[in-house]
Amino acid sequence: MRSIQALLIPALLTFTTLPALAAKWDEMDYGRFLSATFTNSEGKTTLDGKGCATNKGVAVKLGSDARAAMLFDTECVRMAGGWTGGWLKLNGVIFDGGHGPNPGPVEKADVFFQTNPGPVWSKGGDFTDPRKLPTGPGAAKVPFGPIPREWAKYRGLHLHGDHVVFEYSVGDAVLLEMPDIEKVGDAEVLTRTFYVLQNGAASNLILAETTIGVRDGVATIPAGGGSAVAIAAKDAPKGAEIVADGARAVLKLPAFAAGQSFKIAYANLSAVAKGVSAPADLREFTKGGPARWTETLATKGTVAKVADKQPYVLDTIGVPFENPWKSWMRIGALDFFADGRAAVSTWSGDVWIVSGIDEKLENVAWKRCATGLFQPLGLKIVNDEILVMGRDQITKLHDKNNDGEADWYENFNNDVQVTPGFHEFAFDLQTDLEGNLYFTKGGPVMPGGNGWGPLSDHSGCVFKVSKDGRKFEVFATGMRAPNGMGVGPNGEVSTGDNQGTWVPVDYIHFAKQGDFIGVPDLSHRVPPPTTYDPHLCWIPYNWDNSCGGHVWVTSDKWGPFQNRMLYLSYGKCTLSGVLQERVGDVPQGGLFKFPFKFDSGAMRPRFHPIDGQLYVTGLKGWQSDGAKDACFQRVRYTGETVCMPQDLHVTDRGITIGFTSPLDTASAADVENYSIEQWNYRWTQSYGSGEYKVSDPQEKGHDPVTIKSVAVSTDEKSVTLVIDGLKPVMQMKITLNIKSANGSPVPKEIAHTINVVPPDNARGKTYISAK
């Protein structure tokens, strides 16, 4: 072994408590790595700026028995730490449900090294963090997000059997790096193997940071009763050396030359002296490795029987809750390949390919495709390639050897900033007609739900990413927990929110570039706004307490709603149709509910490219009426006549509701078959809002609205409720007790919002007057 210079650093210990009994999050096989936000060995976050804490980390299992681990920081292209004694201590919201903690090194880990958050590859000899601090009230005092790409850029990771190889650039150079563990004699050695793919300028690498004494260029730690760790190099380039730089061990390197391969070893000094193996050629691990999850799981679906006059039914696709890897099946996103197969992601980090989705659902097959992703709650298939939205990045999955499993996890874009906040999820993934991608991100909600932790510049925003992944921009600001969005056929970007601070109740909002949507604390403006552009509608709390996403009907295979919008409630596990109109540039409208309930918190609706039916996934991870951990269900159009609302128009004459088929004139024209009540909310920093009378804004309650008469159109497909004195109101609920002409069911309620009351321009139309 050609050792450059050895530096002693202390082995560190951390003491925490794991659950006494095995639970779902401990039993699950997460694969060879797990992406998450991690604490350091003392349980501290990046806000403390010390040790291996990472906002976007990848924790790699080392050894066939996962007896050790290394943690890689994809933002700073930094190996953040390494330890023996096991893999991870799994706590936090997606594991044990904890509101605050994040996973970290396993209990009683022997930590060989840690590096502090920030660049560890130098630029021109400089390690100074170039990232700007966030700005505005409540901003954190540390930088977030990736370091500039011209400095260093994470490109992705290769999975090959038990080997995980990171690929990244340092300036113009491109490198591969593989963490591993080996034995030299009886001693454990943590190793980092490097391979240079592309030439580049010289750079220095921080290998470890700790409190060390420096004398005559040698760093020495008195071992006392503890252990010691040495750092050495194997086959390093000519002219490279390990030096002590203050409290850092630094590898000084000459210019990178393609084909260079070397290794860094961390162990006790005597073990290092015996030598580790020669560095491997890491290119062999970038070509696709053996399949890890070879078993395909079979499930059967349940196809609903169609009752008389029933236009829509709910079919259920079996989910493999019991599986060989004890994967916790909480499905967070869905999309389809052109051939009709589905890809679904789970909150715990998996992606599965689902085939056999046909009329009968008798032979559904599930193939585990990818693991270890960071809470992926968005997924989009573009040109039959899977893009997954995690909290850390958009990942493009590649199957290089066509064995049905991803082996190249490409960083498509990771510009979004992440804080250690437990509730700061990234939601959904949508595309527009030009191929641009959109997703949303919540604010770092405090435990208990009210207020915020330290903010980044990206807290509570809608984002737009160019179709090649190179351009990233904030599209709109001011959202609390926007679980789900949509993009319409004409590029309409819609979003919603979850009741809480500055969010009286849930809503639907059509966002424009630069829009402020509703939460001043997350507006990223000084001073914060004192008003917001109108929402399409507010949604009563008993209809929805947590949104789940929007979708537009893509064809006439799903009944009479083509190019119209649907809305999912995660909290209430329901589907609603959206009624919308515009008065000038101002949107307004409302919802009516479909008559069924999903098995779990409904999210990420998609239409199938072949059968044209609506498919919905769901999970139970935060407050929801869902009965199961997950669902995968189909809302199927039966071909029966549909009589549901499709239009709602407000004028100073009253409210006109259009239906998809003719009504029974006798019931539709009877004013006694309708009732209306209305109320307002308070837009404040309090958690949610009560319901307040329009007649007395200080009193809680609802006001009745008098309907003078009802007029039915000559085609019998719309009714006008004649009302005097209509005014803008945040919430109105119309109750209907009417029948359709052919006996098919008619929804009983419509909830909507009036932002503008325009003059009636349709007084010349002929109506059948109510008796």
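Starting from 1, residues in each chain are numbered consecutively following that chain's sequence as written. This being a predicted model, a pLDDT of at least 70 is required before a residue's local features are given, and a value of 80 or more before pairs of side-chain atoms are given or counted; all residues contribute to the totals for chains, interfaces and linings. Excluding hydrogens and water, the side-chain figures rest on all heavy atoms present in the structure.

**Looking at the overall build of the protein**
The criterion, for reference: Each helix is a run of DSSP H or I of at least 4 residues and each strand a run of E of at least 2, with the numbering of both proceeding from the N terminus. In this description the radius of gyration comes from C-alpha coordinates, and the expected globular size is given by 2.2 Å times residues to the power 0.38. Partly exposed residues are those whose accessible area sits between 20% and 50% of the maximum for their type, while under 20% is buried and over 50% is exposed, using a 1.4 Å probe and protein chains only. Throughout, a contact is declared for two residues whenever any of their heavy atoms are within 4.5 Å. For accessible areas, the Shrake-Rupley method is used with a probe of radius 1.4 Å. Any residue's cover is judged against the shown protein chains and nothing else. Two residue types count as positive, namely Lys and Arg, and two as negative, namely Asp and Glu; His and chain ends fall outside the count. Charge coordinates come from a single atom per side chain, which is NZ of Lys, CZ of Arg, CG of Asp or CD of Glu.
Helices and strands together make up the secondary structure of the protein, namely three helices and 55 strands. Whereas a compact globule of 771 residues would reach a radius of gyration of roughly 28 Å, the protein reaches 29 Å, a difference of no more than 12%. Counting only C-alpha atoms and orienting by the principal axes, one finds that the protein spans roughly 100 × 60 × 50 Å. The 771 residues of the protein split such that 62% are buried. Look at the contacts in the protein between residues 6 or more apart in sequence, and 64% of them connect residues 24 or more apart. When the accessible surface of the protein is split by element, carbon and sulfur atoms take 49% of a total near 27900 Å². Distance between charge centres in the protein, computed from 76 positive and 85 negative side chains, equals 1 Å.

**Some details on the confidence of the model for the protein**
Spelled out, the test is: For every residue, the pLDDT score states the predictor's confidence, bounded by 0 at the bottom and 100 at the top.
Of all residues in the protein, 93% have pLDDT values of 70 or greater, and the mean over the chain is 92. Counting interchain partners and residues more than four positions distant, the pLDDT-below-50 stretch residues 1–21 has 82 contacts. Taken together, the stretch residues 763–771 has pLDDT below 50 and engages in 20 contacts with residues farther than four places along the chain or on a different chain.

**Quick look at the side chain of Asn483**
With respect to the helices and strands, Asn483 occurs in the loop between β34 (472–477) and β35 (485–487). In this structure, Asn483 is in contact with Phe427, Cys547, Gly548, Gly549, Tyr570, Met603, Arg604 and Trp622, ignoring residues within four places of it in sequence.

**Observations regarding the environment of Tyr266**
Applicable threshold: Polar contacts, as used here, are pairs of N or O atoms within 3.5 Å; protein pairs need one atom able to donate a hydrogen and one able to accept it. Residues neighboring in sequence count only if both atoms are side-chain atoms.
Assignment of secondary structure puts Tyr266 in strand β20 (residues 261–267). Classification of Tyr266 by relative accessible area gives buried; the value is 0%. Taking C-alpha positions, Tyr266 is 48 Å from Ala602, a pair spaced 336 residues apart along the chain. Of note is the side chain of Tyr266, whose polar atom sits 3.0 Å from the backbone oxygen of Leu207.

**Considering the nonpolar core**
Condition: Throughout this description, the term nonpolar core refers to a set of buried Ala, Val, Leu, Ile, Met, Phe, Trp, Tyr and Cys residues connected via side-chain atoms within 4.5 Å.
Ranked by internal contacts, the top residues of the largest apolar core, which has 85 residues, are Trp121, Phe166, Trp366, Ile386, Tyr409 and Phe632. In this structure, Val553, Cys573, Val635 and Ile734 belong to the second largest nonpolar core, which totals 50 residues.

**So, the sheet that holds strand β53 (residues 729–736)**
Note the following rule: Strands pair, by our definition, only if DSSP identifies at least two bridges between them. To define axes, lines are fitted to C-alpha atoms, for helices over the stretch in contact only, and angles between the resulting N-to-C directions are given on a 0 to 180 degree scale.
In space, the eight strands of this open sheet follow the order β40-β41-β42-β43-β54-β53-β49-β50, with antiparallel pairing throughout. Sheet topology places β40 (547–552) and β50 (703–705) at the edges, where each strand pairs with a single neighbour. Shown here is a sheet whose adjacent strand axes are inclined to one another by a mean of 25°, direction ignored.

**As for the layout of surface pockets**
Going by this rule: Here a cavity denotes grid points, spaced 1 Å and computed from the protein atoms alone, that fit a 1.4 Å probe unable to get out, and a pocket denotes an open set having protein on both sides within 12 Å along at least 5 of 7 lines; residues with an atom within 4 Å of a point are the lining. Grid points are joined across faces, edges and corners, and a volume is the space filled by probe spheres set on the points. Residues are grouped as follows: Ala, Val, Leu, Ile, Met, Phe, Trp, Tyr, Cys and Pro are nonpolar; Asp, Glu, Lys and Arg are charged; all remaining types, including Gly, are polar.
Taken as a whole, the largest pocket holds about 660 Å³ of empty space. Around the largest pocket, the lining comprises 27 residues; the ones closest to its centre are Lys380, Thr431, Val487, Trp552 and Thr554. Listed by contribution, the elements that provide at least two residues to the lining of the largest pocket are β23 (331–336), β27 (378–382), β31 (426–431), β35, β40 and β44 (601–607). Class assignment for the residues of the lining of the largest pocket results in eleven nonpolar, eleven polar and five charged.

**Quick word on the sheet that holds strand β36 (residues 493–496)**
If you walk across this open sheet you meet the four strands as β35-β36-β37-β39, and the pairing is antiparallel. Every other strand in the sheet has two partners, leaving β35 and β39 (537–538) as the edge strands with one partner each. Pairing of β35 with β36 involves three bridges; the strand directions are antiparallel. Looking at β36, one finds that Met485 is bridged to Thr495.

**Thoughts on the pairing of strand β33 (residues 461–465)**
Within β33, five of the five residues are buried, leaving the element largely enclosed by the surrounding structure. The side-chain alternation of β33 yields two buried faces, one formed by Cys461, Phe463 and Val465 and the other by Val462 and Lys464. Pairing between strand β32 (residues 437–441) and β33: five bridges, direction antiparallel. Bridge assignment links Leu437 to a residue of β33, and that residue is Val465. In this structure, β33 lies alongside β34, joined through five bridges in antiparallel fashion. Across the sheet, the residue bridging to Phe463 is Val474, located in β34. What sits between β33 and β34 in their antiparallel hairpin is a turn of six residues, with Gly469 showing a positive phi close to 80°.

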